[in-house]
Amino acid sequence: MDLFRSVRTVTNASGDGHVDWAAVADAAKASTAAGSLDLSDAERSGYATDVRDARDRLRSLGDVAFDLPDTVEIQNRHHWIDANVDTFRRVMAPVERDGPQALFPGVSRVVNTGTLSFMLAFLGRNVLGQYDPLLLAEADDRDHALYFVHPNIVRVADELDVSYPRFRRWIAFHEVSHAAEFGAAPWLSDYLETRVERGIDALVAGDIDREAFAELDTAMTAVEGYAELLMDRAFDDDYADLRAKLDARRQGGGPVARLARRLLGLGLKRRQYERGADFFHAVADARGLAGASVVWERPENLPTDAELDAPEQWLARV
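A few points on the structure. (Residues numbered from 1 in each chain as written. Predicted model: local features only at pLDDT ≥ 70, side-chain atom pairs only at ≥ 80, totals over all residues. Heavy atoms only, no water.)

1. A closer look at helix H8 (residues 188-204)
Over its 17 residues, H8 runs 24 Å from end to end, which matches the ideal 24 Å to within 8%, given 1.5 Å per residue. Of all the positions in H8, only Leu188, Ser189, Tyr191, Leu192, Glu193, Arg195, Val196, Gly199, Ile200, Ala202 and Val204 are classed as buried. Positive phi appears at Gly206, one or two residues downstream of H8, with a value of about 85°. (Helix = DSSP H or I, 4+ residues; strand = E, 2+ residues; numbered from the N terminus. Expected span 1.5 Å × (residues − 1). Buried < 20%, exposed > 50% of the residue type's maximum accessible area, 1.4 Å probe, protein only.)

Laid out in structure tokens, this is it:
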């Protein structure tokens, strides 16, 4: 880890755009230790077994037909940063292309580059696993991906004083739950992508598309809540201890970490988990897992914002 090189890379940001993307990746990696990928044969086999078991159990219990992504990677932190800088770039493309020109473009480029590199570095040090639907990617590059950031999984299991194999398996089940959702709903990627594009286009035009952001939030609440439901039914044992310890860890840290979590909306994501889980547990109690899976048959079956807090209304409608 070389903080001086990271700062120097940001301050030397160049090019004609709002962001120097090469500098974003280089600075984020310079300020973040890559971590070891020196896995034993048992660990590699463990990851593969966890993912396969999660797939098989979710197919069976959730009555959901899906396949794992072709890309399933065990990564270090630098691998994760490289994979996700492209996502940031795709999201920012309309702003760079159509957004207003900065009064001092050189200064603006340095600030934007530094902000994005800080965000990627923070996430790279903390993300455990990721199901990536590759939103906004070209059609030929839309094969989804599944990532496990091995150094973070090992470190956090140690910090929480929990069994590393059990913690790793829990992360695998959670991420494969997302694969089940997107596999069961081929329309879901386009639905989310459309709302993201509408929201960004409005921001570029100096407006806010509140409807697009509200629909995106409602859909993501359903995505996170359904994954929690599947986890509850499919994982080997009760995992309340893992969730409680991880939540306590996320609420701690210094002021910089707390500010970063707030800027990145990580508190919002936790609220989505909780609200969505309450909705889907109520639906599953009334109609079973197969009944809860009906939400993914078509976009019209997604709960509305009001129905998330009144699942009986969704049951009556759908």
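2. Some remarks on the sheet that holds strand S2 (residues 129-132)
Read across the sheet, three strands follow the order S1-S3-S2 without closing on themselves; strand pairing throughout is mixed. The open sheet has two free edges, formed respectively by strand S1 (71-75) and S2, since each of these has just one partner strand. Strand-to-strand twist of the sheet, defined as the mean angle between neighbouring strand axes without regard to direction, takes the value 15°. The sheet strands contacting helix H6 (residues 150-160) are S1 and strand S3 (145-149), and the helix crosses S3 at an angle near 45°. Running over the sheet, helix H7 (residues 164-184) touches S2 and S3 and is turned about 10° from S2. (Pairing = 2+ DSSP bridges. Axes fitted to C-alpha atoms, helices over the stretch in contact; angles between N-to-C directions. Contact = heavy atoms within 4.5 Å.)

3. A word on the packing of aromatic side chains
Overall, the coordinates contain twelve aromatic pairs when judged by the stated rule. On the basis of an interplanar angle of 80° and a centroid distance of 6.0 Å, the ring pair of Trp187 and Tyr191 is categorised as edge-to-face. Centre to centre, the rings of Tyr226 and Trp296 are 5.6 Å apart; their planes meet at 85°, and the pair counts as edge-to-face. Linking Tyr226 in helix H9 (residues 210-234) with Trp296 in the loop between helix H12 (266-293) and helix H13 (305-308), this pair joins segments that are 70 residues apart in sequence. You'll find Tyr226 and Trp296 in the same group, each marked buried. Here the aromatic residues Trp187, Tyr191, Tyr226, Phe279, Phe280, Trp296 and Trp314 are joined through ring pairs into a cluster of three or more. Cation over ring: Arg168 sits above Tyr164, and NZ or CZ is 5.3 Å from the ring centre. (Phe/Tyr/Trp six-rings, centres within 6.5 Å; stacked < 30°, edge-to-face > 60°. Lys NZ or Arg CZ within 6 Å of the ring centre and 35° of its normal.)

4. Digging into the pairing of S2
A two-sided burial pattern is seen for S2, the buried positions comprising Gly129 and Tyr131 on one face and Gln130 and Asp132 on the other. Across four bridges, the pairing between S2 and S3 is antiparallel. Considered in S3, the bridge of Gln130 is made with Tyr147.

5. A look at H6
For H6, the full list of buried residues reads His150, Pro151, Asn152, Ile153, Val156, Ala157 and Leu160. Asp161 occupies a position one or two residues after H6 and carries a positive phi of about 60°.

6. Observations concerning the pattern of salt bridges
A complete count under the given rule lists 20 salt bridges for this structure. Residue Asp67 is joined to Arg59 by a salt bridge in which the shortest nitrogen-to-oxygen separation is 2.8 Å. Residue Asp67 is classed as exposed on the basis of its relative accessible area, which comes to 60%. Asp209 is the salt-bridge partner of Arg198, the closest N and O atoms lying 3.3 Å from each other. With Arg198 in helix H8 and Asp209 in the loop between H8 and H9, this pair connects stretches of sequence that are eleven residues apart. (Salt bridge = Lys/Arg side-chain N within 4 Å of Asp/Glu carboxyl O.)

7. A look at the nonpolar core
Phe167, Trp170 and Trp296 are the most contacted members of the largest nonpolar core, which totals 59 residues. Of all the secondary structure elements, the ones that give two or more residues to this core are helix H3 (41-62), S3, H6, H7, H8, H9, helix H10 (240-251) and H12. Of the residues forming this core, the biggest block, ten residues, is contributed by H7. Once you skip the residues sitting within four places of it in the chain, Trp296 turns out to touch Glu181, Ala184, Ala185, Trp187, Leu188, Ala222, Val223, Tyr226 and Leu302. Within the second largest apolar cluster, 17 residues are counted, among which are Val24, Ile81, Leu120 and Leu123. (Core = buried A, V, L, I, M, F, W, Y, C linked by side-chain atoms within 4.5 Å.)

8. A look at the side chain of Arg77
If you trace the backbone, Arg77 turns up in helix H4 (residues 77-98). In this structure Arg77 is buried but unpaired, with Glu159 as the nearest side chain of opposite charge at 7.8 Å. Once you skip the residues sitting within four places of it in the chain, Arg77 turns out to touch Thr32, Ala33, Ala34, Gly35, Gly124, Arg125, Val149, Pro151, Asn152 and Arg155. (Lys, Arg positive; Asp, Glu negative; His and termini not counted.)

9. Things to note about the packing of H7 against H9
When two helices pack together, their arrangement is given by the angle between the helix axes and the distance between those axes. Remark: H7 packs on H9, axes separated minimally by 9 Å, with the N-to-C direction vectors making an angle of 125°. When the axes of H7 and H9 are compared, the pair comes out oblique. Crossing geometry of H7 relative to H9 is assigned as right-handed. Two secondary-structure elements touch here, H7 through Trp170, Phe173, His174, Ser177, His178, Ala180, Glu181 and Phe182 and H9 through Ala222, Val223, Glu224, Tyr226, Ala227, Glu228, Leu230, Met231 and Ala234. Broken down by class, the residue content of the contact of H7 with H9 amounts to eleven nonpolar, three polar and three charged. (Parallel < 35°, antiparallel > 145°, perpendicular 65-115°, else oblique. Left-handed = near helix turned anticlockwise from the far one by under 90°. Nonpolar A, V, L, I, M, F, W, Y, C, P; charged D, E, K, R; others polar.)

10. Examining a nonpolar patch on the surface
A grouping of Leu203, Ile208 and Phe213 is seen on the molecular surface, where their side chains present a nonpolar patch of about 260 Å² in accessible area. Tracing the backbone through its elements, the reader meets Ile208 in the loop between H8 and H9. (Patch = residues over 30% accessible without salt bridge, like charges linked within 9 Å, V, L, I, M, F, W, Y side chains within 5 Å. Areas by Shrake-Rupley, 256 points an atom, 1.4 Å probe, with all protein chains shown as cover.)

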